[in-house]
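# Inside the fold
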Amino acid sequence: MNKKYRKALIVGNWKMNMLPSEVKGYVAALRGLLPRQKTCDIAVCAPYVAIPALIRAARDTRLGIGAQDVSAHEGGAYTGEVSAAMLSDLGLKYCIAGHSECRRYHNERSHNVNEKVVALVNEGITPIVCVGETEIERSRSLTLDHISYQVKAALADLTGAQVRRCVIAYEPIWAIGTGKTATAEQAQEICCHIRSVIRKEYGARIARAVCILYGGSMNADNAAELLAMPDIDGGLIGSASLRPEEFAKIIAATAQEEATA
Ligand code: PGA
């Protein structure tokens, strides 16, 4: 599958890290480290309360801004929740949906993820839809079935044109925050499978345009190898995105990938 149809994308997921007062320093440091060549789009998905500071600090940079979760509801009596319209009003470009930590700690099911994806798409925000298997599912050879199910369920009810604008992140749960990265071959196998699921459901034109990321202990040392894979278009990076030097090195790795393409 030809990568020329897709631009690389590197997204930091700060999770519940970074105080609003720390954001300005982070962006200033990152800005000084970014490679001149714009070989990828870059974004950071921040905790809600850090987003206004991030918008201010990133104003004249090329850093895209995203949230980490969204309510499936449009508005009203949902204490503590934040709607897609609110994120759109702030001008956000991205929002993660279905991260394994939300699935696990908020008991989020695939149909909830789908509702969130639909809410985001309706507001013109690009959902970064996370899918991934547990270690047990992998050991029982259930990975491909599980991923097919999660992808189809998350994208249900979307048109091909809407799917084209979604980003899918393959994040094996056993690799998240564990320092245990999937090998480049393992990650490629599943990202290729995700693309083939999209091809069967929406056709080849949509499948070749959809951006698919790998996430799970991606860092400056392993990024280039992962990003060199034909179906891996970028990364969703947790802990390594908290250090500007490390995050900038991962961003720079997309240039090496381009040089070898
Ligand atoms: P990690 O997290 O890079 O710290 O493994 C990735 C993620 O959960 O998005």
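Above this text is the structure in question.
Before going into details, it helps to say that this report is about the structure given with it.

### Some details on the pattern of salt bridges
This structure, assessed with the given rule, holds 11 salt bridges. Ionic pairing is found between E108 and K116, a salt bridge with its closest N-O pair at 2.7 Å. Ionic contacts of the salt-bridge type, sharing partners, join the residues R6, R195, D231 and D233 into one network.

### As for the nonpolar core
The biggest cluster of nonpolar side chains holds 73 residues, and the ones touching the most others in it are I194 and I198. Considering each element in turn, this core owes the most residues, seven residues, to helix 9 (residues 184–202). Within the second largest apolar cluster, 13 residues are counted, among which are Y94, I128, V167 and L213.

### Some words on the site of the ligand
Taken together, 13 residues lie near the ligand, and K15, H99, E171, G177 and S217 sit nearest. In this structure, S217 approaches the ligand through a main-chain N or O atom, which is 2.8 Å from an oxygen atom. The fraction of the free accessible surface of the ligand (280 Å²) that becomes covered by protein chains is 98%. For the shell around the ligand, the class distribution of residues is four nonpolar, seven polar and two charged.

About the thresholds
- Residues numbered from 1 in each chain as written.
- Predicted model: local features only at pLDDT ≥ 70, side-chain atom pairs only at ≥ 80, totals over all residues.
- Heavy atoms only, no water.
- Salt bridge = Lys/Arg side-chain N within 4 Å of Asp/Glu carboxyl O.
- Core = buried A, V, L, I, M, F, W, Y, C linked by side-chain atoms within 4.5 Å.
- Buried < 20%, exposed > 50% of the residue type's maximum accessible area, 1.4 Å probe, protein only.
- Helix = DSSP H or I, 4+ residues; strand = E, 2+ residues; numbered from the N terminus.
- Near = heavy atom within 4 Å.
- Polar contact = N/O pair within 3.5 Å; in protein donor to acceptor, adjacent residues only side chain to side chain.
- Areas by Shrake-Rupley, 256 points an atom, 1.4 Å probe, with all protein chains shown as cover.
- Nonpolar A, V, L, I, M, F, W, Y, C, P; charged D, E, K, R; others polar.

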